[in-house]
Amino acid sequence: MSQNTRLSMTSSLHDTRYARRTSVVERNLNKTRSAEVGLSAFAFLFSEMLQYTQKRVQGIQDLERKLNDFGYRVGTRFLELITWREKNNRREISVLDILYFIHTTVWKALFGKQADSLEKSTENNDEYMISDNEPIISKFISVPKDLASLNCGAFLAGIVEAILDGSQFPARVTSHTLPIEGYPLRTTILIKLDAEVLLREEQIK
């Protein structure tokens, strides 16, 4: 085999290896839509994030606020991705439509299933509740006694609030652990819509 042939083969192999290396920004987003992150990998990452945050706060409220902030960042980016994948840039204009979108499409994309319930408050016209009987984010977290009242759902509340804000439905979103028989980790995301959202809703009826 001549030297020129060996050089040519070496160059071809190098080009093939180089061609296979595709950066994250060059990947087709639709090709990874069905890819799932292993539950153990997610649990490990969330646990590490929780421990990292715990060392940098002064109390439970501060820790929940930080988790909420992290969730908000995730939600902002996730809204861009899921809007491109699922909605073809169609914008929801009613409260029920955007809440149903979160309850079904968003939950399925994040956790592989839709949320267990979507309810409207019987006491306040501006409040809605999305409940998950077995939230994955809390399933593998062991909370020490001094943090017994910690609600890891604050991270999820941040995601929901970011999606609502980004969809032009500003709201205050909080997370509450409301256990029922058989579901000790049942978490309810309480959504309190801004007054401007309700006013707009009345105008489009």
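Residues numbered from 1 in each chain as written. Predicted model: local features only at pLDDT ≥ 70, side-chain atom pairs only at ≥ 80, totals over all residues. Heavy atoms only, no water.

The protein chain appears in an unreviewed UniProt entry as Trafficking protein particle complex subunit from Paraglomus brasilianum. Word for word, the UniProt comment on the protein chain under Subunit (unreviewed entry) is "Part of the multisubunit TRAPP (transport protein particle) complex." Its UniProt record, at the heading Sequence similarities (unreviewed entry), says of the protein chain: "Belongs to the TRAPP small subunits family. BET3 subfamily." (UniProt positions renumbered as here; feature names shortened; annotations may be inferred.)

(A) Region of the structure containing the overall build of the protein chain. A tally of helices and strands in the protein chain yields seven helices and four strands. Helices and strands appear in the protein chain in the N-to-C order α-α-α-α-β-β-α-α-β-β-α. A buried classification covers 36% of the 205 residues belonging to the protein chain. Taking the contacts inside the protein chain whose residues are at least 6 apart along the sequence as the reference set, 61% of them involve residues at least 24 apart. Working note: accessible area of the protein chain is about 13500 Å², and carbon and sulfur atoms make up 51% of it. (Helix = DSSP H or I, 4+ residues; strand = E, 2+ residues; numbered from the N terminus. Buried < 20%, exposed > 50% of the residue type's maximum accessible area, 1.4 Å probe, protein only. Contact = heavy atoms within 4.5 Å. Areas by Shrake-Rupley, 256 points an atom, 1.4 Å probe, with all protein chains shown as cover.)

(B) Region of the structure containing the packing of aromatic side chains. Going through the model one piece at a time under the given rule, you end up with three aromatic pairs. One aromatic cluster in this structure is built from Phe-42, Phe-46 and Phe-155. Between the NZ or CZ atom of Arg-56 and the centre of the ring of Tyr-52, over which it lies, the distance is 3.8 Å. The side chain of Arg-200 reaches across the aromatic face of Phe-169, ending 4.8 Å from its centre. (Phe/Tyr/Trp six-rings, centres within 6.5 Å; stacked < 30°, edge-to-face > 60°. Lys NZ or Arg CZ within 6 Å of the ring centre and 35° of its normal.)

(C) Seen up close, unusual backbone geometry. Even without a glycine there, the phi angle at Gln-168 is positive, about 70°. Summarising the element assignment, Gln-168 is placed in the loop between α6 (154-166) and β3 (171-177).

(D) Focus on the sheet that holds strand β1 (residues 117-120). Read from one edge of the open sheet, four strands run β1-β2-β4-β3, paired in antiparallel fashion. One side of each edge strand has no neighbouring strand; the edge strands of this open sheet are β1 and β3. This sheet shows a mean twist of 20° between the axes of neighbouring strands, independent of strand direction. Strand direction decides the pairing type here: β3 and strand β4 (residues 187-193), joined by seven bridges, are antiparallel. Counterpart to Arg-172 in the pairing with β4 is Lys-192. Each of β1, β2 (127-132) and β4 touches helix α4 (residues 95-111); the most contacted strand, β2, lies at about 10° to it. Contacts between α6 and the sheet are confined to β3 and β4, with β3 contributing the most and set at about 155° to the helix. (Pairing = 2+ DSSP bridges. Axes fitted to C-alpha atoms, helices over the stretch in contact; angles between N-to-C directions.)

(E) Looking closely at the pattern of salt bridges. Applying the stated rule across the entire model yields seven salt bridges. Here Lys-113 makes a salt bridge to Asp-132, at a shortest N to O gap of 3.1 Å. Placement of Lys-113 in the loop between α4 and β1 and of Asp-132 in strand β2 is noted, with a sequence separation of 19 residues between them. Judged by relative accessible area, Lys-113 falls into the partly exposed class, the value being 31%. A salt bridge links Glu-161 to Arg-172; the nearest nitrogen and oxygen atoms lie 3.9 Å apart. Taken together, the residues Glu-161 in helix α6 and Arg-172 in strand β3 connect sequence positions 11 residues apart. Salt bridges sharing common partners tie together Asp-62, Arg-65 and Asp-69. (Salt bridge = Lys/Arg side-chain N within 4 Å of Asp/Glu carboxyl O.)

(F) Expanded view of the pairing of β2. Taking burial as the measure, the six residues of β2 include five buried ones, the bulk of the element. Where β1 and β2 come together, four bridges link them in antiparallel fashion. Each residue of the ladder has a partner; that of Glu-119, found in β2, is Met-129. Once β1 ends, the chain turns through six residues before running back antiparallel as β2. Sheet analysis places β2 next to β4, joined by six bridges and oriented antiparallel. The residue bridging Glu-127 from the neighbouring strand is Lys-192, located in β4.

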